[in-house]
Amino acid sequence: MKIGIDVDGVIIDYEKGLLTAAELFDMEKCRGNGKIHPNEFRVQDRYDWTEEEKKRFLNEDFQRVSAEASIMPGAKYVLQKLKEMGHELILISARGKDEENTVDIITEKFKKENIKVDKCYWKKREKLAVCQAEEILLMIDDKPTTCQTMAENQIKTLYFRGIRGWNLEENEYLKEVSNWGEVYRYIVKECGENG
């Protein structure tokens with residue numbers, strides 16, 4: 001089975017570091033008036049920052065947080081098991097869209113951790129076209145709107161809900177998970193070991 005997988009908030013435990021960096025940046029380098037748009041998914045869009053301030057935040061903090069972030073518990077093990085079962089793993093990530101060199105940081109981290117995938121699509125905020133072209137049967141993502149789009153287009157989706165996500169109604173194409181053990185259980189029980 002072809003499985004599409006997001007990187008940040010799914011394989012990389014990026015959320016807490018990014019949210020902490022944004023709060024510090026807002027307090028120390030901006031107006032310090034807090035989250036203005038708390039329902040925005042992209043951290044830099046939650047504040048009343050100017051475009052220049054957003055760019056500065058990306059330049060100063062995305063790379064550092066990327067380098068500091070660890071692999072999600074169980075991700076390496078489950079990805080390896082999925083490969084052993086014969087699943088094709090395809091990364092589909094927006095990473096690199098804002099800060100291109102953050103792709104290199106993650107690529108190096110995967111190499112160091114011996115995490116292997118079959119293909120990588122970087123700089124993809126809108127992931128539906130890639131999923132359709134690749135004939136992805138299951139997508140794993142943490143962005144609520146991406147998960148809704150996949151489900152609406154009848155692509156089975158695991159919503160890896162993180163601290164930035166909000167509730168989504170589950171249906172035959174959309175299931176919420178919170179860890180890699182649940183991802184593994186779903187794939188083995190619902191899809192069968194070979195999809």
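Below, the structure is looked at part by part.

Reading the values: the criteria
- Residues numbered from 1 in each chain as written.
- Predicted model: local features only at pLDDT ≥ 70, side-chain atom pairs only at ≥ 80, totals over all residues.
- Heavy atoms only, no water.
- Pairing = 2+ DSSP bridges.
- Helix = DSSP H or I, 4+ residues; strand = E, 2+ residues; numbered from the N terminus.
- Axes fitted to C-alpha atoms, helices over the stretch in contact; angles between N-to-C directions.
- Contact = heavy atoms within 4.5 Å.
- Buried < 20%, exposed > 50% of the residue type's maximum accessible area, 1.4 Å probe, protein only.
- Right-handed = clockwise from strand over helix to strand, strands pointing away.
- Salt bridge = Lys/Arg side-chain N within 4 Å of Asp/Glu carboxyl O.

**Considerations on the sheet that holds strand 5 (residues 119-121)**
In a beta sheet, neighbouring strands pair by backbone hydrogen bonds and run either parallel or antiparallel. In space, the six strands of this open sheet follow the order 5-4-1-6-7-8, with parallel pairing throughout. Each end of this open sheet is capped by a strand with a single partner; those strands are strand 5 and strand 8 (174-177). For this sheet, the mean angle separating the axes of adjacent strands, direction not counted, is 20 degrees. By the bridge criterion, four bridges tie strand 7 (residues 156-160) to strand 8 in an arrangement that is parallel. In the strand pairing of strand 8, T157 is matched with L174. Helix 6 (residues 144-152) rests against strand 6 (138-141), strand 7 and strand 8 of the sheet, and its axis sits at about 165 degrees to strand 7.

**Focus: the pairing of strand 7**
Among the five residues that make up strand 7, four are buried, leaving the element largely enclosed by the rest of the structure. Note that strand 6 and strand 7 share four bridges and pair parallel. Among the inter-strand pairings, I140 is bridged to a residue of strand 7, identified as L158. With respect to chirality, the unit in which strand 6 leads through helix 6 into the neighbouring parallel strand 7 is right-handed.

**Details of the pattern of salt bridges**
Any two side chains of opposite charge can pair, on the condition that their charged atoms come close. Applying the stated criterion to the full structure yields 17 salt bridges. Close ionic contact of K29 with E60 constitutes a salt bridge, the shortest N to O distance being 2.9 Å. Taken together, the residues K29 in helix 1 (residues 15-29) and E60 in helix 2 (residues 51-68) connect sequence positions 31 residues apart. We classify E60 as partly exposed; its relative accessible area is 33%. In this structure, R42 engages D45 in a salt bridge whose closest nitrogen and oxygen atoms are separated by 2.9 Å. Bridged by salt links that share partners, the residues R42, D45, E51 and K54 form one connected network.

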